[in-house]
Amino acid sequence: MLRVFFLFTLTAIAEIAGCYLFYVWLRRDGNWWVLMASLASLVLFAWLLTLHPVATGRVYAAYGAVYVVVSVLWLNLVDRSSLSGLEWAGLLLALAGMGLMVSGWTIAHK
């Protein structure tokens, strides 16, 4: 499960970074290298999705929970916005949900 979580985390970082860099290119900078970095990150994101071990619907459902966690952490670390206790609790619930879904993958394959 740790390997799957690590892969989900890399996937989420690639997706969020790619979208964020596109935003920076479009709204702030306009520099071509920012656009290229955005595209490279989004290509990496799409490729990483192909490495997940089960049917895409299951992957997307469990990945969604990790995406939520990484997004909120991005808000905290990159956007420098402090998180409330309820947001931290939500992160833990999202991770617990991902854990339940991923642990069920072996049951679904029997």
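Residues numbered from 1 in each chain as written. Predicted model: local features only at pLDDT ≥ 70, side-chain atom pairs only at ≥ 80, totals over all residues. Heavy atoms only, no water.

**Brief notes about helix H4 (residues 85–103)**
To keep things clear, this is the line we draw: In DSSP terms, a helix is any run of H or I states spanning at least four residues, a strand is any run of E spanning at least two, and both are numbered starting from the N terminus. Here the expected span of a helix is defined as 1.5 Å times the quantity of residues minus one. For the exposure calls, accessible area comes from a 1.4 Å probe over protein chains only, and a residue counts as buried if that area is under 20% of its type's maximum, exposed if over 50%, partly exposed in between. The arc in question is the one spanned by the directions pointing from the helix axis to the C-beta atoms.
Counted at 1.5 Å a residue, the expected span for H4 with its 19 residues is 27 Å, and the 27 Å between its end C-alpha atoms agrees. Along H4, the residues classified as buried are Leu91, Ala94, Met98, Gly99 and Val102. Projected down its long axis, H4 shows its buried positions confined to an angular sector of 140 degrees, all on one face. Facing away from the buried side of H4, by more than 90 degrees, are the exposed residues Gly85, Leu86, Leu92, Leu93 and Leu100.

**Quick word on the confidence of the model for the chain**
We count it as follows: For every residue, the pLDDT score states the predictor's confidence, bounded by 0 at the bottom and 100 at the top.
Looking at the chain, the pLDDT average stands at 85 and 91% of residues meet or exceed 70. Within the chain, the lowest mean pLDDT, 58, falls on helix H5 (residues 105–108), and the highest, 94, falls on helix H2 (residues 32–49).

**Let's talk about the packing of helix H1 (residues 2–29) against H4**
Selection criterion: Axis definition: a line fit to C-alpha positions, over the contact stretch in the case of helices; interaxial angles, taken between N-to-C directions, run 0 to 180 degrees. Angle categories: roughly parallel below 35 degrees, roughly antiparallel above 145, roughly perpendicular from 65 to 115, and oblique for all the rest. Whether a crossing is left-handed or right-handed is set by the direction in which the near helix is turned from the far one by less than a right angle, anticlockwise for left-handed and clockwise for right-handed. Two residues qualify as a contact provided that any one of their heavy atoms is within 4.5 Å of a heavy atom in the partner residue.
In the contact formed by H1 and H4, the axes pass within 11 Å of each other and the chain directions differ by 125 degrees. Taken together, H1 and H4 sit at an angle that is classed as oblique. Crossing angle aside, the handedness with which H1 passes H4 is right-handed. Contact residues: H1 offers Val4, Phe5 and Phe8, while H4 offers Leu95, Met98 and Val102.

**Some thoughts on the side chain of threonine 9**
Relative to the helices and strands, threonine 9 is located in helix H1. Exposure remark for threonine 9: the relative accessible area of 19% places this residue in the buried category. The contact partners of threonine 9, leaving out residues within four places of it in the chain, are Val66 and Val70.

**Description of a nonpolar patch on the surface**
Condition: The residues that make up patches have over 30% relative accessible area and no salt bridge, and they are joined within 9 Å when like-charged or within 5 Å when they are Val, Leu, Ile, Met, Phe, Trp or Tyr. Note on areas: Shrake-Rupley, 1.4 Å probe, and residue coverage restricted to the protein chains presented here. Here a salt bridge means any side-chain nitrogen of Lys or Arg lying within 4 Å of a carboxyl oxygen belonging to Asp or Glu.
Together, Trp32, Trp33, Met36 and Leu39 line one region of the surface with nonpolar side chains, adding up to about 490 Å² of accessible area. Take tryptophan 33: it is sitting in helix H2. For tryptophan 33, a relative accessible area of 47% corresponds to the partly exposed category.

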